[in-house]
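Each chain is listed here by its residues.
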Amino acid sequence: KKGSYDHFMQKEIHEQPHSLTTTMRGRLKDGGVLLGGLKEHLKTIRRSRRVVFIGCGTSYNAALAARTFLEELSGIPVTMEVASDLLDRQGPIYRDDTAVFVSQSGETADTLLALDYALENGALCVGITNTVGSSLSRKTHCGIHINAGCEIGVASTKAYTSQIVVMAMMALAIGSDQISSQARREAIISGLSSLPRYASEVLKLDSEMKELASSLIDSESLLVFGRGYNYATALEGALKVKEVALMHSEGMLAGEMKHGPLALVDENLPIIVIATRDACFSKQKSVIQQLLSRKGRLIVMCSKGDASVVSPSGSCRLIEVPEVADCLQPVINIIPLQLLAYHLTVLRGFNVDQPRNLAKSVTTQ
Ligand code: UD1
Ligand code: BG6
Ligand code: NA
């Protein structure tokens, strides 16, 4: 049921304060994290030589958003695999690997084939899925249900933010034996409990994003530059724009800008730069300066109160978002980009919930 909404994608975007709440329900306890599905396996995970994240599409992007904080809180190296590419390469998976499979539906063929492959190779296989009873949930050794509620729009939105939150809780649980990072973990846990409130706040940008969309309807292309925690936000924002609004869009690592993408910059090509507060902020400010000096048409996403810092002459359009704990910022930052993709699709007259040629769940290879 869409209720008062025009489309499922719109409903699911606006549902995020609630879906984030249900994802965390019963799992943040006594200042710590309790994940029933993992607790028996934490010791094995801590002993593993590597964590490999495996997924497709939006689920891959969610894992990428989690990579940095999982490495930080667990001290274990994390590598990323697109499921089909792991299979194409028959890439190495070892007995002392923890392979984490991320899939909203739990039925994506490539992800399930990669799971069979990792099981054959003897890795501990962990599932992160929205679907209780799915093939992924059944075939993995253990895992975590994201409990975001049924997602109907083909473009994944609320599952993405809930997947990141589940992986944040997983990182906290794995790292919970480390005394040196106790204060950091406490800060993240308190950040998690305030996320639903900040998600509600950032959703108030809806009409601003509609206005921004109307200024972009005739563009041929849209670039999104991110780095660090928000490289995934750039990829996922661009994926939303291309899959539903049917507009060419690429997410790019800002650190790679000079090695190619800079050649595209002119007065016409719209570029979103994600420059919210974190350890990469000063580097992103210098990216903005370099793009402005080439007359780039910029839309800057910054933390509330930073407008004058990132856009000294008022020369960029701004998306101001509430600041949360740095590693959780991707959960907030993607929401305006989901809204932008949604409005762009409606204004361009395309099918929001069933984009041409795409399926919610790709169950064939
Ligand atoms: C579980 C119950 C939940 C109940 C809670 C109370 C289920 C599905 N969940 O939630 O209803 O309120 O206990 O303590 O009954 N698993 C996999 N692979 C996956 C995902 C999960 O093997 O991809 C396994 C887990 O290891 C676990 C089980 O499925 O054994 C349930 O996982 P999850 O729902 O995340 O566990 P709880 O949050 O403890
Ligand atoms: C399809 C969907 O391509 O599968 C995407 O259209 C989704 O939205 C991708 O991200 C992966 O799906 P899942 O269910 O494995 O997360
Ligand atoms: Na299982």
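Residues numbered from 1 in each chain as written. Chains lettered and ligands numbered in written order. Predicted model: local features only at pLDDT ≥ 70, side-chain atom pairs only at ≥ 80, totals over all residues. Heavy atoms only, no water.

J.: Before we move on, can you summarise the sheet that holds strand β11 (residues 297-303) with the specific residues and values?
T.: An order of β9-β8-β10-β11-β12 is seen for the five strands of this open sheet, with the pairing classed as parallel. Of all the strands in the sheet, the pair left with one neighbour each is β9 (248-253) and β12 (317-321). Looking at each pair of strands side by side, their axes are set apart by 20 degrees on average, direction ignored. Here three bridges tie strand β8 (residues 221-226) to strand β10 (residues 270-275), and the two strands are oriented parallel to one another. Residue pairing for β10: F225 is matched across the bridge by V273. Across the sheet, helix α10 (residues 206-214) is in contact with β11 and β12; its angle to β12 comes to roughly 155 degrees. (Pairing = 2+ DSSP bridges. Helix = DSSP H or I, 4+ residues; strand = E, 2+ residues; numbered from the N terminus. Axes fitted to C-alpha atoms, helices over the stretch in contact; angles between N-to-C directions. Contact = heavy atoms within 4.5 Å.)

J.: Please set out the environment of H7 residue by residue, giving values where relevant.
T.: With respect to the helices and strands, the residue H7 is situated in the segment before α1 (8-14). Taking the C-alpha atoms as reference points, H7 and N351, 344 residues apart in sequence, are found 9.4 Å from one another. Aside from chain neighbours lying at most four places away, what touches H7 is K2, Y342, V346, V352 and D353. A distance of 2.8 Å separates a polar atom in the side chain of H7 from a polar atom in the side chain of Y342. (Polar contact = N/O pair within 3.5 Å; in protein donor to acceptor, adjacent residues only side chain to side chain.)

J.: Report on helix α2 (residues 16-24), specifying residues and quantitative values.
T.: Of all nine residues making up α2, seven are buried, and the element is well covered by its neighbours. Every buried residue of α2 is accounted for by Q16, P17, S19, L20, T22, T23 and M24. At its buried positions, α2 is contacted by α1, β1 (28-29), α8 (158-174), α9 (182-203) and α14 (329-348). The positive-phi residue at the C-terminal boundary of α2 is G26, with phi of around 75 degrees. (Buried < 20%, exposed > 50% of the residue type's maximum accessible area, 1.4 Å probe, protein only.)

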